[in-house]
Amino acid sequence: MTEDASGGMPSKIADVAELEELMTRPTTALKADLAAAPGDIMVLGAGGKMGPTLARMAKRAAPDRRVMAVARFSDPDVRASLESHGVETISCDLLDRAAVARLPDAPNVIYMAGRKFGATGSEPFTWAMNALAPAIVAERFADARIVAFSTGCVYPFTTPDSGGPTEETPVGPPSGEYAWSCLARERVFEHYSQSLGTAGILIRLNYAIDMRYGVLHDVGALVFAGETVDLTMGHANVIWQGDANSQVLRALRHVTAPISALNVTGPETVSIRWLAGEFAKRFGTEAKLAGVEAETGWLNNAAKAAGLFGVPAVDLETMIDWQADWIARGGESLGKPTGFQVRDGKF
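Residues numbered from 1 in each chain as written. Predicted model: local features only at pLDDT ≥ 70, side-chain atom pairs only at ≥ 80, totals over all residues. Heavy atoms only, no water.

K.L.:
Break down helix α8 (residues 215-225) for me, citing the residues and quoting the values.
P.N.:
Counting buried residues in α8 gives eight out of 11 residues, a clear majority hidden from the surface. Buried within α8 we find V215, L216, H217, D218, V219, G220, L222 and V223. At its buried positions, α8 is contacted by β9 (208-209), β10 (228-230), α10 (272-283) and α12 (316-328). In the stretch just after α8, G226 is the one whose phi turns positive, near 75°. (Buried < 20%, exposed > 50% of the residue type's maximum accessible area, 1.4 Å probe, protein only. Helix = DSSP H or I, 4+ residues; strand = E, 2+ residues; numbered from the N terminus. Contact = heavy atoms within 4.5 Å.)

Here's what the structure looks like:
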């Protein structure tokens, strides 16, 4: 990494190795919060986009603890990388009740499993992953602290000037089986928390940013390629993935019984029109825009998380600078668009 003149955040991220080092770098505050939630840490559904860096961050923050990453591990490279960083890996299908029963005990569980893309056309599997797997896990780990990933998509659409829904906003997404199955996941965890006394937190996350994917990558790549940016879903919230990982792990200290919700995202409501213009300035080009911003969108207010953890360490301007440089240099892309433009709930 190339440090800026002030010795703060890097001015650019050179490659994937440095990107992942930055996203897994633990803070002193994270180490302190994990110290207040002692014991082994298990990350369920650790093979996705965020899981590997979250598991690695947990191990770096608590090197003397057992950190277990559980997934199907269809990509052997992901498994090998985790093991090379001291994370124990366990292959398990979370829909297999007997296999889940054989998992080791762990007092700290991060639940990341879920299905979004491909949900349309395979709705039964989507509901199974987003509602049945949580039930199997909640029964098995009833005595653990459970921090479970959810999504801001459980909220209704709101206007940009509202600041986004808070944890007190009544849930109830617009159309689309994905969002409703995510609400089912929350209700399942709530049921088992109420009936079994399990302590936990539901993380309603809006758009983690990794240079290889995310809303910034989607918009920046379109602008760089001279392609059109759809403005219909005119606003979004984003947070650096390293900050999101840290807040999720720190939430283990703040679990409640019965389980409660916590919004995790950045402090800004980001205009997609403005964002496209920022990338255009950095690329020395003009953004091609189409459509008119809808009056509402899927937004999220993370003031409560900011009160617990402080504002994210990586600000929006820094993320845009990093992303523009990454795209301009032909940095790696996972080829997994976020679908932030979708308004009909069909992913």
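Let us keep going from here.
K.L.:
Break down the pattern of salt bridges for me, citing the residues and quoting the values.
P.N.:
For the structure shown, the criterion picks out 21 salt bridges. One salt bridge in this structure joins E293 and R273, with 2.8 Å as the shortest N-O distance. With E293 in the loop between β15 (288-290) and α11 (303-309) and R273 in helix α10, the pair connects residues that are 20 residues apart, well separated along the chain. Judged by relative accessible area, which is 24%, E293 ranks as partly exposed. (Salt bridge = Lys/Arg side-chain N within 4 Å of Asp/Glu carboxyl O.)

K.L.:
With reference to specific residues and values, describe the sheet that holds strand β8 (residues 199-205).
P.N.:
Taken in spatial order, the seven strands make up an open sheet running β5-β4-β3-β6-β7-β8-β13, and their pairing is parallel. Only two strands of the sheet have a single neighbouring strand rather than two, namely β5 (88-91) and β13 (260-264). Going from strand to strand, the sheet's axes swing by 20° on average, the running direction of each strand aside. With four bridges connecting them, strand β6 (residues 108-111) and strand β7 (residues 145-151) associate as parallel partners. From the neighbouring strand, N108 faces β7, where its bridge partner is R145. Here helix α4 (residues 76-84) sits on the sheet and contacts β4 (67-71) and β5; the angle it forms with β5, its principal contact strand, is near 150°. Together, β6, β7 and β8 form the strand contacts of helix α7 (residues 177-196), whose direction differs from that of β7 by roughly 165°. (Pairing = 2+ DSSP bridges. Axes fitted to C-alpha atoms, helices over the stretch in contact; angles between N-to-C directions.)

K.L.:
I'd love a proper account of the pairing of β6, names of residues and values included.
P.N.:
Side chains N108 and I110 of β6 all project onto a buried face; the interleaved residues V109 and Y111 project onto the opposite face, where all are buried too. Relative to β6, strand β3 (residues 41-44) runs parallel, the two sharing four bridges. Opposite V43, over in β6, you have I110 as the bridge partner.

K.L.:
Quick rundown of the nonpolar core? Include the residues and the values.
P.N.:
The biggest cluster of nonpolar side chains holds 42 residues, and the ones touching the most others in it are I110, I203 and L205. With five residues, the single largest contributor to this core is helix α3 (residues 51-61). For I203, the residues in contact, after removing those within four places along its chain, are V147, A148, F149, S150, T151, V248, A251, L262 and V264. Residues Y207, M211, V223 and F279 belong to the second largest nonpolar core, which totals 33 residues. (Core = buried A, V, L, I, M, F, W, Y, C linked by side-chain atoms within 4.5 Å.)

K.L.:
Describe the environment of M211, with residues and values.
P.N.:
By secondary structure assignment, the location of M211 is in the loop between β9 and α8. Discounting residues that sit within four places of it in the chain, M211 has contacts with I13, L19, H217, W240, M319, W322, Q323, W326 and E332.

K.L.:
A description of α4 should follow, citing residues and the corresponding values.
P.N.:
With a side-chain oxygen lying 2.9 Å from the backbone nitrogen of D77, the N-terminal cap of α4 falls on D75. Directly after α4, the chain includes G86, whose backbone phi takes a positive value near 85°. (Polar contact = N/O pair within 3.5 Å; in protein donor to acceptor, adjacent residues only side chain to side chain.)

K.L.:
Would you mind going over the packing of helix α1 (residues 16-23) against α3 in detail, with residue names and values included?
P.N.:
Contact geometry of α1 with α3 gives a least axis separation of 9 Å together with a crossing angle of 60°. It follows that α1 is oblique to α3 by the angle criterion. Within the contact between the two elements, α1 uses E20, E21 and M23 and α3 uses T53, R56, M57 and R60. Looking at the contact of α1 with α3 residue by residue, the class counts come to two nonpolar, one polar and four charged. (Parallel < 35°, antiparallel > 145°, perpendicular 65-115°, else oblique. Nonpolar A, V, L, I, M, F, W, Y, C, P; charged D, E, K, R; others polar.)

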